[in-house]
Amino acid sequence: MTETKSKVKLSQWDALLLESLRSQGWSDQELLHRVTGEDLPVDESKYEFDYGQLAALANEQPELFRRAVLDGYQIKYNTIRGIRSWIDVALNIEARLELEEGHEAVEAELTEAEYSRLQGVLSYGWQITGGSAADGSARVYTIEPVQR
């Protein structure tokens, strides 16, 4: 039997900050070094991220930050708009929001690898439904609350 370490938990915002820096093409080691050294860029995206919050987390809880970067993380609590933003920032995919009361969901066309990555970070209370393609091509998935 293999022992599995539970993933560290990050706030939705900290996860977005981390994924925004990953999208710069930084290696894990560069991410660790630059964030803890507060050698951070100015974000000019529509999100206007302030990476100082992530640097504060890295300096206050260095082991948690290190594990999040190297081993992965799970988001503590997702919101529907936060999920759409995470897909945009982490996967560079424009997802569609469905905000009709009682039918709130996010729809995104994902490959199997993107689906697995999203599945791994979603907080409890969310589910992903939709088809998967055996050939690795993208399919439309729906991310929605488990209970309505």
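For the structure itself, consult the block above.
Residues numbered from 1 in each chain as written. Predicted model: local features only at pLDDT ≥ 70, side-chain atom pairs only at ≥ 80, totals over all residues. Heavy atoms only, no water.

Draft legend 1. Fine view of the environment of Ala-105. Considering the arrangement of structural elements, one finds Ala-105 in strand 4 (residues 105-110). Counting along the chain gives 39 residues from Ala-105 to Glu-144, while the straight-line C-alpha distance between them is 4.6 Å. Sequence-distant contacts of Ala-105, defined by excluding residues within four places in its chain, comprise Ile-80, Arg-96, Leu-97, Glu-98, Thr-142, Ile-143 and Glu-144. (Helix = DSSP H or I, 4+ residues; strand = E, 2+ residues; numbered from the N terminus. Contact = heavy atoms within 4.5 Å.)

Draft legend 2. Seen up close, the pattern of salt bridges. Applying the stated criterion across every chain yields a total of nine salt bridges. Ionic pairing is found between Arg-22 and Glu-19, a salt bridge with its closest N-O pair at 3.7 Å. Placement of the pair is Arg-22 and Glu-19 together in helix 1 (residues 12-22), with a separation of three residues, close to one helical turn. Taking relative accessible area as the criterion, Arg-22 reaches 23% and is therefore assigned partly exposed. Asp-39 is paired through a salt bridge with Arg-34; the nearest N and O atoms lie 3.4 Å apart. (Salt bridge = Lys/Arg side-chain N within 4 Å of Asp/Glu carboxyl O. Buried < 20%, exposed > 50% of the residue type's maximum accessible area, 1.4 Å probe, protein only.)

Draft legend 3. Structural view of the side chain of Ser-123. Along the chain, the position of Ser-123 falls in the loop between helix 6 (112-121) and strand 5 (126-130). The class of Ser-123 is buried, set by a relative accessible area of 3%. Beyond its immediate stretch of four places on either side in the chain, Ser-123 contacts Gln-74, Ile-75, Lys-76, Tyr-77 and Asn-78.

Draft legend 4. Structural context of the packing of aromatic side chains. As enumerated under the stated definition, the model contains four aromatic pairs in all. Plain terms: the ring middles of Tyr-47 and Phe-49 are 5.2 Å apart, the flat faces sit at 10 degrees to each other, and that makes the pair stacked. (Phe/Tyr/Trp six-rings, centres within 6.5 Å; stacked < 30°, edge-to-face > 60°.)

Draft legend 5. Representation of the nonpolar core within the structure. Core analysis: the biggest nonpolar cluster contains 42 residues, and Tyr-73, Trp-86, Ile-87, Leu-118 and Ile-143 have the highest contact counts within it. Sorting elements by how many residues they give to this core places helix 5 (residues 80-91) first, with seven residues. Discounting residues that sit within four places of it in the chain, Ile-143 has contacts with Ile-83, Ile-87, Ala-105, Val-106, Leu-118, Leu-122, Trp-126, Gln-127 and Ile-128. (Core = buried A, V, L, I, M, F, W, Y, C linked by side-chain atoms within 4.5 Å.)

Draft legend 6. Structural context of the packing of helix 1 against helix 3 (residues 52-60). Relative orientation of the contacting elements helix 1 and helix 3 amounts to 105 degrees, with a least axis distance of 9 Å. Judged by the inter-axis angle, helix 1 sits roughly perpendicular to helix 3. Residues Trp-13, Asp-14, Leu-17, Leu-18 and Leu-21 of helix 1 touch helix 3, and the partners they reach there are Gln-53, Leu-54 and Leu-57. When the residues that make up the contact of helix 1 with helix 3 are grouped by side-chain class, the tally is six nonpolar, one polar and one charged. (Axes fitted to C-alpha atoms, helices over the stretch in contact; angles between N-to-C directions. Parallel < 35°, antiparallel > 145°, perpendicular 65-115°, else oblique. Nonpolar A, V, L, I, M, F, W, Y, C, P; charged D, E, K, R; others polar.)

Draft legend 7. The pairing of strand 4, seen in detail. Here strand 3 (residues 96-98) runs beside strand 4; their pairing, made up of three bridges, is antiparallel. By the bridge assignment for strand 4, Glu-98 is matched with Ala-105. One ladder, built from five bridges, connects strand 4 with strand 6 (residues 139-145); its direction is antiparallel. Bridge pairing in strand 6 places Val-106 opposite Ile-143. (Pairing = 2+ DSSP bridges.)

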